[in-house]
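Descriptive analysis of the structure
In case you want the letters, here they are:
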Number of protein chains: 8
Amino acid sequence: MKPKVLIVMGSDSDLPVMEEAGKILKEFKIPYEITIASAHRSPDRTVKITRDAERTGVEVIIAGAGAAAHLAGVMAAHTILPVIGVPIDSSPLKGIDALLSTVQMPPGIPVAAMAIGKAGARNAGILAAQILGLKTPGFQKTLRAHKKKMVEEVLKKAEKVRRK
Amino acid sequence: MKPKVLIVMGSDSDLPVMEEAGKILKEFKIPYEITIASAHRSPDRTVKITRDAERTGVEVIIAGAGAAAHLAGVMAAHTILPVIGVPIDSSPLKGIDALLSTVQMPPGIPVAAMAIGKAGARNAGILAAQILGLKTPGFQKTLRAHKKKMVEEVLKKAEKVRRK
Amino acid sequence: MKPKVLIVMGSDSDLPVMEEAGKILKEFKIPYEITIASAHRSPDRTVKITRDAERTGVEVIIAGAGAAAHLAGVMAAHTILPVIGVPIDSSPLKGIDALLSTVQMPPGIPVAAMAIGKAGARNAGILAAQILGLKTPGFQKTLRAHKKKMVEEVLKKAEKVRRK
Amino acid sequence: MKPKVLIVMGSDSDLPVMEEAGKILKEFKIPYEITIASAHRSPDRTVKITRDAERTGVEVIIAGAGAAAHLAGVMAAHTILPVIGVPIDSSPLKGIDALLSTVQMPPGIPVAAMAIGKAGARNAGILAAQILGLKTPGFQKTLRAHKKKMVEEVLKKAEKVRRK
Amino acid sequence: MKPKVLIVMGSDSDLPVMEEAGKILKEFKIPYEITIASAHRSPDRTVKITRDAERTGVEVIIAGAGAAAHLAGVMAAHTILPVIGVPIDSSPLKGIDALLSTVQMPPGIPVAAMAIGKAGARNAGILAAQILGLKTPGFQKTLRAHKKKMVEEVLKKAEKVRRK
Amino acid sequence: MKPKVLIVMGSDSDLPVMEEAGKILKEFKIPYEITIASAHRSPDRTVKITRDAERTGVEVIIAGAGAAAHLAGVMAAHTILPVIGVPIDSSPLKGIDALLSTVQMPPGIPVAAMAIGKAGARNAGILAAQILGLKTPGFQKTLRAHKKKMVEEVLKKAEKVRRK
Amino acid sequence: MKPKVLIVMGSDSDLPVMEEAGKILKEFKIPYEITIASAHRSPDRTVKITRDAERTGVEVIIAGAGAAAHLAGVMAAHTILPVIGVPIDSSPLKGIDALLSTVQMPPGIPVAAMAIGKAGARNAGILAAQILGLKTPGFQKTLRAHKKKMVEEVLKKAEKVRRK
Amino acid sequence: MKPKVLIVMGSDSDLPVMEEAGKILKEFKIPYEITIASAHRSPDRTVKITRDAERTGVEVIIAGAGAAAHLAGVMAAHTILPVIGVPIDSSPLKGIDALLSTVQMPPGIPVAAMAIGKAGARNAGILAAQILGLKTPGFQKTLRAHKKKMVEEVLKKAEKVRRK
């Protein structure tokens, strides 16, 4: 099945973070592709996969990077697809550099910034699902079920704490 | 026409920032509604307008707030629609409080965080357009035209600088 | 005995921090209940336990959460009881995100913010005791004894250091 | 009427901020006293007014200070009354110094920290009212009315925005 | 004369900052060109002028931008010329976002980051001169004269202060 | 011999940091005393040892504390002796809270702030020696010897690196 | 009279801040000299005046600078006199850069850091007086009188607030 | 062969970071020397090796230091050679202190700041190569090959991720 979401990361060391986005997309049965492109070390490839994505029917891009995290911004500059950015805490500054580099985009070119690290990667997957859900009949049921499951998990944990 | 985007802000003092989102939506001819709801001062209203939004066909929510900016997060907790958060620099901390309160969402409930202030509000409108564009035949042309116009503006300004 | 204090946390991983609040309340013989509710994943439950607390005679609420820590703020929005917030350092930003999300409340809805982590959780318990102490005849003696014990512990430690 | 709340600030330049706490207490018809004491320039006075407060029936202390804001902490060290701290943005660091100096109290001596500046001062007054409300029959009605008024103000502002 | 240095900025509002770089280059009689290119709004132009620069004999690039300042990084990705980055304080975060976005480059693609704002722009010009000076016989004398002039200015100001 | 320097710390867990101050004083053969006093948990003791210090001939006070580090400020409020403050990184915020609480003193009551942690504790000892050196004939030779030893250590390490 | 204190600043624009140190020294009748030396623009002069100071009987050095404030550190490297550093908020980062550059000295070379800006400059003067007071018979009375005057000023202001 | 680049670090504990700069220079076959000099502990040596460098034909200086990292700034003050600064995360503040001390140089004396830690050290080496490349016929080929190799490494890693 043709991928609807493209997950890109700046380095293979970002994989343990970014595969959280993949896991939740798999849960939602949304086809995706995951790859590596560095905004700085392989800029032409970054532009190319952005354009290819648009051309081949990808509808949402998720880009994760650390430090001066330019990946999401560079991809957003080259596409009209929604781009979700995941800041990764891979530098000594613990991700505040990646967060500001991702979120403080100038007017004209939005990047949808997520939380730093795994929480952000997982949420990137969910946001992609919410966006795709707008045009997929029946998908809202899946999203509601996911929300309900989270409520149940909270209740189970609350029950465990109560019994202690 | 029924609004496709709901713009909410925590206080009427946020209007000069948040109307940037409205302006760009108007440019894109996307119908929207703009209102005030405080996550803290009027929490029931906040939940109600979130649910009403989903029920009445709104497809994207834009929420702007300052300080401990919970508005976008609270709305995201109550909907499966994509929620875009705009941190506003209305406290002495210049918006870093609003940014962290907006972007550092826990796994399960994404908020698409924008830049602090007017740049972020404008980009929230563009991201909403990109999201809606995925299901609107012909809209991609509009988005591409908008991107092209920005290039032209850069060129004009570069020309002016050159002539100085 | 009916709980006078309700301790709530956003996730079961916050328990090692938040049980510090419970320990000190136990020391003060103040009945309390401890449970889990996420402002984001289980928003309705959060509102419900807030209202139930007020209805069933709880007099102080302690809420601990990490990252974009909205729990205390959401509970404060729904009650007229004093709400004490404990920021937890569970994100890569080491709790500065949770602190700002907890303390920077807009005018109208106060949250009594404590220090980040275990120190804050313990102090939340003591503040709850101080508040309840205002209406409990004889309780001030207990609070003074606790203060005195701390002085003695400092003296003992000073003595140990002196002997080295 | 004997004051129930003592409002203290480190310097007379803090008055425009701290009188926000007084205003809301006046609204709630809670008697209060407002004075100046510097934890650093007049430490003995600070201790004396703290002890006098406890002795003369004050039940809540509100202390506002800027920079290395020690006032609330010093007062909390000398009393078993609840102490509310208001960080003031009077140094070039815009209040982040005052916030951390106020909120990061060590285990044993809580200070209930509010937001930086006027929002925090106003909320300090409301929190004091919530605390005193626990032992004042009928006061909960006043607090609920205040909460309701805030909802109405939001609605009025929303109406204004709608009409634009 | 063919430009040896290319000064680029993200927006025409950055001109008052970036012309500091031009002024000092003029003082050093180093030919330069100044233009506008946005890494986000005109990405293709940014790449094009980077490649053209290399092709037409430019030897040093100076790039100034604010917020999520990617301009220097994007240009560095496309050239083997030294790229000097000037962070500009044009967002509510006062340039700390631009600084981290400029300086925290991943291994492989250096950007020589300067101080935020005008001080940084002026220093970018001097660093460019130092770099070009390495291959220009006699230029070291010019640089030493410039250093000496700064010493003299300090002395003059010291004299003025002494006379007060 | 009567102590010339009093080293105080807020908690026994600060000892591994603060004994660095003691070690260097021992090296300089300056008699000192080391003890524990918490500005918050044992405020009267803190004042008492400050006054006793002045009375018994102590000439410099070194105070180390973490989090909302008020110890040095409180002691400075009660003495006309020079007070040196050492911020300790014992909270999740890694000492930035302790640094700001120590250094941002209001006009009138100085604290000589050192670097966070062991570097700061060691330097506190050296600064105390420099201050005492002003009135101790012959001591300047000791201080110069210490400075010279540091130069030699740098040379030895440089030699080692060269041989690699 | 020969100066006992040398006040140095990096630039003449720092004079309005640094003359606060001079004013208080004048109040204390301590002879001082005030001059300009930039650690970066006039490094040799900086070393020279440091050595001259030591040679001519100066006993305390006060150095104020902004941005990457190296002045105090450089002077401390070249003397065994106590060096007091005043961080100045002259860059867009509002003095946090100057504070960290001044206070985070490596082990071996202490700088006594003061608060950012005028408060710090004034306190530098007082600390210098406290240090010199250790060897000046009768001076402690002056320092105690100064402390007492501050108490009285607080009382006067408190009285004014009471009368409002 | 005579060194073209001088790598200096403030302490031998910085060697694991700074040898990254050496490794890449070795790869580029650029002769370099590596040594230790502390701006604070051995200031005369620091000035001497800076002047010797200029005199003996060194063309680029790389200086790495942590905390109040003055090394690069001090060397820049004494030379007209380009100085590259590498901030090292050796203090509890994780390098933000070293970064600001390195990058926020006043107008007149530039330091080319790199990212914090190993990434920055490696990039310092590459920037030195780019600078030297301007005057070395044929060297641009080497730099382009290095850039190409990085692209290939990204492709290889992308391929590995694809196969998973």
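Quick notes on the rules
- Residues numbered from 1 in each chain as written.
- Chains lettered and ligands numbered in written order.
- Predicted model: local features only at pLDDT ≥ 70, side-chain atom pairs only at ≥ 80, totals over all residues.
- Heavy atoms only, no water.
- Contact = heavy atoms within 4.5 Å.
- Buried < 20%, exposed > 50% of the residue type's maximum accessible area, 1.4 Å probe, protein only.
- Helix = DSSP H or I, 4+ residues; strand = E, 2+ residues; numbered from the N terminus.
- Pairing = 2+ DSSP bridges.
- Right-handed = clockwise from strand over helix to strand, strands pointing away.
- Buried area = accessible area lost by both parts, 1.4 Å probe.
- Salt bridge = Lys/Arg side-chain N within 4 Å of Asp/Glu carboxyl O.
- Polar contact = N/O pair within 3.5 Å; in protein donor to acceptor, adjacent residues only side chain to side chain.
- Nonpolar A, V, L, I, M, F, W, Y, C, P; charged D, E, K, R; others polar.
- Least-squares fit on C-alpha atoms with pLDDT ≥ 70 in both.

With respect to the arrangement of the chains
Regarding chain C and chain E, the two do not touch, and the least distance separating their C-alpha atoms is 16 Å. At no point do chain D and chain H touch; the closest pair of C-alpha atoms across them sits 16 Å apart.

Overview of the pairing of strand E4 (residues 83-88) of chain C
Residues and elements named next belong to chain C. Of all six residues that make up E4, six are buried, and the element is covered over most of its length. Where burial is concerned, the two faces of E4 agree: the one with Val83, Gly85 and Pro87 and the one with Ile84, Val86 and Ile88 are both buried. In the sheet, strand E3 (residues 60-66) pairs with E4 via six bridges, with the strands oriented parallel. Bridge pairing in E4 links Ile62 to Ile84. The parallel pair E3 and E4, bridged by helix H3 (residues 71-77), forms a crossover whose chirality is right-handed. The β-α-β motif built from E4, the intervening helix H4 (residues 96-103) and the parallel element strand E5 (residues 112-113) has right-handed crossover chirality.

Notes on the interface of chain H and chain G
Taken residue by residue, the interface counts 24 residues in chain H and 25 residues in chain G. Taken together, the two surfaces of chain H and chain G that pack against each other cover about 2,000 Å², and 63% of this comes from carbon and sulfur. Where chain H meets chain G, there are two salt bridges. The partner of Arg51 of chain H in a salt bridge is Asp44 of chain G, with the nearest N and O atoms 3.1 Å apart. On inspection of chain H and its partner chain G, the count reaches eleven residue pairs in polar contact (both at pLDDT 80 or more). Counting residues per element, the ones that place at least two in the side of chain H that touches chain G are helix H2 (43-55), helix H3 (71-77) and helix H4 (96-103) of chain H. Tallied by class, residues from the side of chain H that touches chain G come to 13 nonpolar, seven polar and four charged.

Side note on the relation of the copies chain H and chain G
With an RMSD of 0.0 Å, the fit of chain H onto chain G corresponds to turning through 180° and sliding 0.0 Å along the axis. Look at the turn and shift together and you get a two-fold axis relating the two. Considering only C-alpha atoms, the part of chain H nearest the rotation axis is Ser101 of chain H, at 2.5 Å. In this assembly the copies share their binding face: 100% of the residues contributing to the interface of chain H also contribute to that of chain G.

Side note on the interface of chain B and chain A
Much of the literature gives interface size as the accessible area that the parts lose upon coming together. Taken together, the contact pairs 41 residues of chain B with 40 residues of chain A. With both chains or domains summed, chain B and chain A bury close to 3,500 Å², and 67% of this area falls on carbon and sulfur atoms. Taken as a group, Ile80, Pro110 and Leu134 of chain B account for 21% of the area that chain B buries against chain A, more than any other trio of residues on that side. Taken together, chain B and chain A are joined by two salt bridges. Across the contact surface, chain B and chain A share 19 residue pairs in polar contact (both at pLDDT 80 or more). Of all elements in the fold, only helix H3 (71-77), helix H4 (96-103), strand E5 (112-113), helix H5 (118-133) and helix H6 (139-163) of chain B reach the threshold of two or more residues within the side of chain B that touches chain A. At seven residues, H5 of chain B tops the list of elements feeding residues into the side of chain B that touches chain A. For the side of chain B that touches chain A, a count of residues per class yields 27 nonpolar, eight polar and six charged.

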